[in-house]
Amino acid sequence: MNLFRRLGGSASTQAAIGLIVGLVTAVGWGAALYLENQGTLGVRTGIAERAGADLALRASLALDDDATGQDAQVRAAIGTTFADTPFTPSVTRTLESHVTVRKVLSLDEEQTESIANTVDESGFAMSIPDFADRAEVVEGALPDSTREVAVQADAAVRLMLEVGDEVLVDGVGFTVVGTWRARDFLDPRWYGSPIVLDGGSDELGPFVIEEKAWDRLDRKPFAVWTVLPDVSLIDSQNIGVIGDRWGQVREGWRGEVDGLQTLGVQNRLVQTLRELQSRLDGLRAVEPVIFSLLGAAALVGVAELARLLSAIRQRENLLLWARGVDSAGVGRRTAIDVAVAGGVGAALGLTVALVAAIASGVEATVGGSTIGVWMLALSVIAAGAAIAAFHAVRSGVPRLDRVPPRAGSRLALHGAVVLALVAATVSVWQLRLYGSPVTPSANGGAALDPTAVLAPALALAALVLSLVQLFPLLARLNERRVRGARVVPQLAARGVSRRLALLTAPLVLVALAAATLTYAASYSATWNDAFTQTTQLRVGSQFHAGSRVTGIPLSSQDAAAQATGVDLVAPLEMQPLSLGGPSGTIVGVAPEALASLATNASGLFDADDAAAAIRVDAPAPLLPEGSGTVSVVLATVGLQSPPQVSVYLSDAAGFLRSVPLVLDDATASPLTYTSGSLRERRAARRLASPTMRRSVRTSSRVGSSSAWGSRAPSPTNPASCSRTSRRVSSTAPMRRR
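Residues numbered from 1 in each chain as written. Predicted model: local features only at pLDDT ≥ 70, side-chain atom pairs only at ≥ 80, totals over all residues. Heavy atoms only, no water.

## Focus: the overall build of the protein chain
What counts is decided by this rule: Numbering goes from the N terminus for both helices and strands, where a helix is a DSSP run of H or I of at least four residues and a strand is a run of E of at least two. Residue burial is assigned from relative accessible area. The probe radius is 1.4 Å, only protein chains are included, and a residue is buried under 20% of its type maximum, exposed over 50%, and partly exposed in between. We call two residues in contact whenever any of their non-hydrogen atoms come within 4.5 Å of each other. Methods summary: accessible areas were calculated by the Shrake-Rupley approach with a probe of 1.4 Å, and residue burial reflects only the protein chains presented.
Summing up its helical and strand segments, the protein chain has 23 helices and 24 strands in all. Split into buried and exposed, the 737 residues of the protein chain put 40% on the buried side. Partitioning the contacts of the protein chain with sequence separation of at least 6, the portion at a separation of at least 24 is 77%. Surface exposure of the protein chain reaches about 39,100 Å², of which carbon and sulfur atoms provide 58%.

See below:
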């Protein structure tokens, strides 16, 4: 009853305070909810764009004698690793090993003797429990005994294997009962293995055999568990859980799994999620800005209402002071009233936001942003209560005892404006320095820089304070301007210049509202531009195809160059680079290809300047445009037989190809070697001003071999990366339509 009696005529003012706090809470919660849901949408969209190994985890162990017990231990350990998480994983175990393979021509003694001189090929053998679901039969059938094998179709073609042929796997005979291809190469269970797609080149396969067939081989395979967590349940809140749990496998499996000394762990899914989480951190960097703007606008409104509340209760406060209640008691009572009104408003605002979220079907959780929302509401309530208490205390002091404002208070206000300007300048400089609120941390990771995060809010606050300081000057200038005008404009101008305190609050509110709207619009456009620029920088060209380990076969690159609508294809060598915290990529590419194919990333990258910076003089003779053949004249001394000669042709796009030369006359001296027609190769590669390198090979027992020209292709040479470095890096042609 005392509460309602104390409200009296101030009920509407306190209701307005509660309304402002409620609006701030609802809008803040809604903004945080929107950002979190957009983050979840972005994460799931990023996951949907991934396939194969990017969505899987792997663990491998040397196969134990008790294979069944080992499998049970690992599956139990995986279940423990992901316990108490929503990501119940599916687990597939395969047996894998590098082997030697050799085709058996027949079983009679003469052919067996000839095969003994045949060189074994490197191969890859597997046992796959769910093989029938993951592969489709091209010819024949799948193996169902320990003496049968199914061969990947492309590998079978390279080895000239057909159904019914015999093949030696590590010297043990198997009958080829079928050839197969993967139903879906992008299935994460294949873990993106290139050999599954094309049968391999340096290593052929896979050769799929029954699990019990390994007992026939001397080689012990590795057991490989492919773990597929349910990525459809990943959101902006739990995106880091999988990485945290999988990162503890080596320590967490101690005592649960035997033979951990051979444990191998692969975490491609974790790498995918960390990349997406870095983008999510950039999105969350805008939350403090939103909360700061909302808090500033609400604080101005609550401050004016708190001043109004003190004015309404002035007589009551004087009466309390006359009855012996000290100023602190008066201020405390007023502060409690404002805090209660603000608390009720915050609760109502939160309720409205949750009901609206549930009604719209949006998941009503904001995770870590909850603290920010409540800090926003509590800050506004606390500031409003403090301002109300201050004015209530002042209203209880007789006017004769009040101390008039001095020049010191004005200087303090000017100093606050200067400090705000300095803080805004430093903050904006920091943001522009790094280009993002996400900056390198001391431990080599990434963290949000609070100075850069608050840059927009500080810049806005400095701008508004500067306008407030300039407003009295503008009002006086306006009053002078209308001195010769009619009475009404003079009275209006005089009223404005004499009541600046009353106009400050509406001015600040309008400025904050306009600035917030402008900031939101510019942020949306900036975010879209940043996403586009990042995508262009990552891809590098209109189209970018890559292979992580084995490189793209030369035949596939030729096919891409001859495809309809393709103007240019160029090889690209990419190597990861890490310098402490920052990371990047070393790119090996021909200058002409860089200038012709690279995008400018919306003006961030100048391909012509970059090409000019890496361009060097040709290390070998330049062939004239339109050359049809290449001839080499070779003088030899002390050789029993003419050597084999080949030249390396490198075109402007960076392709390097070995071209064997044919000896015209073995009895002539010096020897003359001539290539076939280069026109066909030029059409396939778009050759332009090719360079030539010569190499000489000889098997003579007398004399010594020699090399003319520059060295053979090197993996570090961007022009020769298509075949020489397929074991250590990726090769990716990019093309322009």
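## Focus on the packing of aromatic side chains
Applicable threshold: Two aromatic rings, drawn from Phe, Tyr or Trp (for Trp, its six-membered ring), form a pair once their centres lie within 6.5 Å of each other, and the interplanar angle then sorts them: stacked below 30 degrees, edge-to-face above 60, tilted otherwise. Think of it as a cone above the ring: NZ of Lys or CZ of Arg counts as a charge over the ring if it is within 6 Å of the ring centre and within 35 degrees of the ring normal.
The full count for this structure, using the stated rule, is 4 aromatic pairs. Arranged with centres 6.2 Å apart and planes meeting at 90°, the rings of W246 and W253 form a pair that is edge-to-face. Across this residue pair, the class does not change: W246 and W253 are buried. One aromatic cluster in this structure is built from F82, W246 and W253. Note that R268 overlies the ring of Y191, its terminal NZ or CZ placed 5.9 Å from the centroid.

## Side note on the side chain of D71
Secondary-structure assignment places D71 in helix α3 (residues 67-81). We classify D71 as buried; its relative accessible area is 16%. The contact partners of D71, leaving out residues within four places of it in the chain, are R93 and W225.

## Section: the nonpolar core
Heads up, the condition is: Joining through side-chain atoms within 4.5 Å is the link that ties buried Ala, Val, Leu, Ile, Met, Phe, Trp, Tyr and Cys residues into a set, and such a set is a nonpolar core.
In terms of nonpolar packing, the biggest core is built from 53 residues, with V167, F174, I234, I242, W246 and W253 touching the most fellow members. Looking at this core element by element, the count peaks at 5 residues for helix α10 (residues 268-284). Excluding its chain neighbours within four sequence positions, the residues that come into contact with W246 are L57, R58, A59, T81, F82, V227, W253, V265, Q266, N267 and V270.

## Some thoughts on the pattern of salt bridges
How we decide: Just to be clear on terms, a salt bridge is a Lys or Arg side-chain nitrogen sitting within 4 Å of an Asp or Glu carboxyl oxygen.
The tally for this structure, following the rule as stated, stands at 15 salt bridges. Residues R268 and D54 are paired through a salt bridge, measuring 3.3 Å at the closest nitrogen-oxygen approach. Here R268 is found in helix α10, whereas its partner D54 is found in the loop between α2 (11-48) and β1 (57-62), with 214 residues between them in sequence. Overall, the relative accessible area of 14% leaves D54 in the buried class. In the salt-bridge network here, residues are joined through shared partners; they are D130, R134, D187 and R189.

## Considerations on the sheet that holds strand β17 (residues 631-634)
The criterion, for reference: Pairing between strands is defined by DSSP: at least two bridges between them are needed.
A sheet is described by the order of its strands in space; here 3 strands give the open sequence β17-β21-β20, paired in antiparallel fashion. The two strands at the open ends of the sheet, each matched to only one other strand, are β17 and β20 (662-663). With 4 bridges joining them, β17 and strand β21 (residues 671-674) adopt antiparallel strand pairing. By the bridge assignment, V633 is partnered in β21 with T672.

## As for the pairing of strand β2 (residues 90-104)
One face of the sheet, then the other: side chains in a regular strand alternate in exactly this way. When you tally the buried positions in β2, you get 11 out of 15 residues, the bulk of the element. Note: β2 against strand β9 (residues 222-228), 7 bridges, orientation antiparallel. Bridge pairing in β9 places T94 opposite V224. Note: β2 against strand β6 (residues 166-169), 4 bridges, orientation antiparallel. Directly across from R102, in β6, lies its bridge partner L168.

## Things to note about a nonpolar patch on the surface
Put simply, the rule reads: Two joining distances apply to patches: 9 Å for like charges and 5 Å for nonpolar side chains (Val, Leu, Ile, Met, Phe, Trp, Tyr), and every residue must have over 30% relative accessible area and no salt bridge.
A cluster of nonpolar side chains, namely L463, L467, L470, L473, L474 and L477, defines an oily patch on the protein surface of about 550 Å² accessible area. Looking at where L474 falls in the secondary structure, it is placed in helix α17 (residues 455-481). Take L474: its relative accessible area is 51%, and that puts it in the exposed class.

## Quick notes on the confidence of the model for the protein chain
What counts here: For every residue, the pLDDT score states the predictor's confidence, bounded by 0 at the bottom and 100 at the top.
Taken as a whole, the protein chain shows an average pLDDT of 75; of its residues, 69% reach a score of 70 or greater. In this model, residues 399-403 is a region of pLDDT below 50 whose contacts with residues beyond four sequence positions or in other chains number 5 contacts. Counting contacts from residues 680-737, a segment whose pLDDT is below 50, to residues more than four positions away or on other chains yields 194 contacts.

## Some points on α3
Rules: For a helix, the expected span equals 1.5 Å multiplied by the residue count minus one. Starting at the helix axis, one direction is taken to each C-beta atom, and the arc is that of these directions.
Compared with the 21 Å implied by 1.5 Å per residue over 15 residues, the 21 Å span of α3 between its first and last C-alpha is a close match. Buried within α3 we find A67, Q70, D71, V74, A77, I78 and T81. Viewed along the axis of α3, the buried residues span an arc of 130°, placing them on a single side of the element. Where the residues of α3 are buried, they touch β1, β2, β9, α8 (241-246) and α9 (249-252).

## A few points about the pairing of strand β7 (residues 172-182)
Counting buried positions along β7 gives 8 out of 11 residues, so the element sits mostly inside the fold. Strand direction decides the pairing type here: strand β4 (residues 135-140) and β7, joined by 5 bridges, are antiparallel. By the bridge assignment for β7, E136 is matched with R181. Sheet analysis places strand β5 (residues 148-152) next to β7, joined by 5 bridges and oriented parallel. Pairing of V151 across the sheet is with T179, part of β7. One ladder, built from 4 bridges, connects β6 with β7; its direction is antiparallel. Across the sheet, V167 pairs through a bridge with F174, a residue of β7. Connecting β6 to the antiparallel partner β7 that follows it, the hairpin turn spans 2 residues, and D170 within it adopts a positive phi of roughly 55°.

## Notes on the side chain of E96
What counts here: Contacts described as polar in this section are N or O atom pairs within 3.5 Å, which, within protein, must combine one atom able to donate a hydrogen with one able to accept it, while residues neighboring in sequence count only if both atoms come from side chains.
Here E96 is to be found in strand β2. Within polar-contact distance, the side chain of E96 engages the side chain of T94 at 3.2 Å. Apart from residues lying up to four places away in sequence, E96 is in contact with R58, F124, A125, M126, W214, P221, F222 and V224.

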